[in-house]
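Summary of the model geometry
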2 protein chains.
Amino acid sequence: MVTDDQPAAGRGPRGSYATGQARRQAIVDEALVVFSRTGFHGGSLREIAKRVGVTPAGLLHHFADKEELFAEVLRQRDEKVRDAAGDPAEHTLIGQAKRVVAHNQTSRGLTSLYAIVSAEATDPEHPSHTDFAARYRTRAEEAEEILRRGQEAGEVRDDIDPALAARLISAVMDGIQLQWLLDETVDMVPLFDEFVQQYLNPAHPS
Amino acid sequence: MVTDDQPAAGRGPRGSYATGQARRQAIVDEALVVFSRTGFHGGSLREIAKRVGVTPAGLLHHFADKEELFAEVLRQRDEKVRDAAGDPAEHTLIGQAKRVVAHNQTSRGLTSLYAIVSAEATDPEHPSHTDFAARYRTRAEEAEEILRRGQEAGEVRDDIDPALAARLISAVMDGIQLQWLLDETVDMVPLFDEFVQQYLNPAHPS
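The text that follows walks through the structure, step by step, so that each part is easy to find. Numbering of residues begins from 1 in every chain and follows the order in which that chain's sequence is written. To label them, take the chains in the order written and letter them from A, then take the ligands in the order written and number them from 1. Totals for whole chains, interfaces and linings use all residues, but because this is a predicted model, local features are given only for residues with pLDDT of at least 70 and pairs of side-chain atoms are given and counted only at 80 or more. Water and hydrogen atoms were dropped before computing side-chain values, which therefore reflect all heavy atoms in the structure.

The next point concerns the relation of the copies chain A and chain B. Least squares is the method for superposing the copies, and the C-alpha atoms it fits come from residues with pLDDT of at least 70 in both. Structural alignment of chain A on chain B gives an RMSD of 0.0 Å, achieved by rotating through 180° and translating 0.0 Å along the axis. Such a turn and shift between the copies fits a two-fold axis. Both copies share a contact surface, since 100% of the interface residues of chain A are interface residues in chain B too. Two residues qualify as a contact provided that any one of their heavy atoms is within 4.5 Å of a heavy atom in the partner residue.

Pairing of aromatic side chains requires ring centres within 6.5 Å, counting the rings of Phe and Tyr and the six-membered ring of Trp. Pairs whose planes differ by under 30 degrees are stacked, by over 60 edge-to-face, and all others tilted. All chains considered together, the criterion is met by 12 aromatic pairs over all chains. Here the aromatic rings of A:Phe192 and A:Phe195 are separated by 6.3 Å at their centres, their planes lie at 40°, and the arrangement is tilted. Note that A:Phe192 and A:Phe195 are positioned in helix H9 (residues 188–200) at a spacing of 3 residues, about one turn of the helix. The cut-offs for exposure are 20% and 50% of the maximum accessible area for each residue type, with area from a 1.4 Å probe on protein chains only; residues under the lower value are buried, those over the upper are exposed, and the others partly exposed. Judged by relative accessible area, A:Phe192 falls into the buried class, the value being 1%. In textbook terms, an aromatic cluster arises when at least three aromatic residues are bridged by ring pairs, as seen for A:Phe35, A:Phe40 and A:Phe70. Working rule: Lys NZ or Arg CZ, within 6 Å of ring centre, within 35 degrees of ring normal, means a charge sits over the ring. Stacked on the ring of A:Phe40, the Lys or Arg A:Lys66 has its end atom at 4.7 Å from the ring centre. Sitting over the face of the ring of B:Trp180, B:Arg108 holds its NZ or CZ atom 5.9 Å from the ring centroid. Only DSSP runs of H or I reaching four residues or more are called helices, and only runs of E reaching two or more are called strands; each is numbered from the N terminus.

Residue and element names in this part refer to chain B. Residue count minus one, scaled by 1.5 Å, sets the expected span of a helix. Along its 21 residues, helix H8 (residues 162–182) runs 30 Å from first to last C-alpha, staying within 8% of the 30 Å computed at 1.5 Å per residue. Most of H8 sits inside the fold, with 20 of its 21 residues counted as buried. Counted as a polar contact is a pair of N or O atoms within 3.5 Å, where, for protein atoms, one must be capable of donating a hydrogen and the other of accepting one, and residues adjacent in sequence contribute only when both atoms are in side chains. Capping of H8 at its N-terminal end is provided by Asp 161; its side-chain oxygen lies 2.9 Å from the backbone amide nitrogen of Ala 163.

Residues and elements named next belong to chain B. Whenever a carboxyl oxygen of Asp or Glu lies within 4 Å of a side-chain nitrogen of Lys or Arg, that contact is scored as a salt bridge. Across all of its chains, the model carries 30 salt bridges over all chains by this definition. A salt bridge links Arg 24 to Glu 72; its shortest N-O distance comes to 3.9 Å. In this pair, Arg 24 sits in helix H1 (residues 17–42) while Glu 72 sits in helix H4 (residues 66–85), placing the two residues 48 residues apart along the sequence. The salt bridge involving Asp 159 is made with Arg 157; its shortest N-O contact spans 2.9 Å. Residue classification places Arg 157 among the buried residues on the basis of a relative accessible area of 4%.

It is worth spelling out the packing of helix H6 (residues 108–120) of chain A against helix H7 (residues 129–152) of chain A at this point. All names here are of chain A. Note on method: axes are straight lines fitted to C-alpha atoms, helices fitted across the in-contact stretch only, with angles between N-to-C directions ranging 0 to 180 degrees. Contact geometry of H6 with H7 gives a least axis separation of 10 Å together with a crossing angle of 105°. With respect to H7, the axis of H6 lies roughly perpendicular. Here H6 contributes Tyr 114, Val 117 and Ser 118 to the contact with H7, which in turn contributes Phe 132, Arg 135, Tyr 136 and Arg 139. Residues are grouped as follows: nonpolar covers Ala, Val, Leu, Ile, Met, Phe, Trp, Tyr, Cys and Pro; charged covers Asp, Glu, Lys and Arg; every other residue, Gly included, is treated as polar. The class makeup of the residues in the contact of H6 with H7 is 4 nonpolar, 1 polar and 2 charged. Under this scheme an angle from 65 to 115 degrees is roughly perpendicular, one under 35 degrees roughly parallel, and one over 145 degrees roughly antiparallel; angles in between are oblique.

Read these as layout, nothing more, since geometry by itself doesn't imply function.
See the structure below:
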């Protein structure tokens, strides 16, 4: 929460660049809280503004509309998940996926945002529809290629179908995430490990 | 769509029981369309009433509030999915799951409703939160027990963990559903078959 006595960015002599940036980030942070609970459709600018302690007009000084604010929330979420995944040159596909699963379990807000937005985005009229469909397609294509190379190197079971496996990895990540969000006694890490060990790993089963 | 010239149920001499029931069902059908696009939070009674061709007050003659209407939409959805799954005495767990996956691919509205509502329900304040958390817990417990018996009978790989596998089956179903909703060129049936064959089936891998 930013307190009410802070001026809106750019307004008056105290509206410095740094203050404006801090206010802008406070809006993004509160928008994450709201959108991750009720989604894009359910989230209102009025509620976000109230949480930050600005008027709706003050909020619109920083973001043209709900879609622009929502896009920034998603952009920052993606950045954080990329950081958590680590450098792709240093980690394998599965290593990265495991890091993301472990990270998601420590950041309920971001995980919840993703779960609700990806479900909402299935509506062809949702502002993120095209983006999310493309995300999964690109991710599946990249994972398929990496799995094929893993099969050639003997690191991935050679009897699984890499195109299907690529989609199943995302499916398991999304599915266990939903179960953990519904019930935090569900631990995502052993669930993902079981899937990797028993489905992908050539050492199992004998 | 029900046309505007039909009277609201119970109002006037033409408001027979059958008319009232037809109107009530029309409300549930249109509510499914709306909730499956924008979720419980985003769905408005006003929009649902408009689609049916009744006033919001006319709608409230049939359902006390949005939560009651929403509960009826979910109840009817569950009934349809149970019918699709078939008699549990006649079908194995995996057979039932396969039937549900195939059925979901033919009923986008219901599948989309489930995807969005299960994601929204992760919020502890959502009206379906407790119900959805309990659903997954019960389903996992039942599936675990069935998988254990399958292992004893040699029908399920004996090196998988039945408690984790039970959660993974739901996770895969939910995850592939999301990908299909985002992009209908994704076929859920071979994805689920790959998972079952390579993860659960003792005949694979050799």
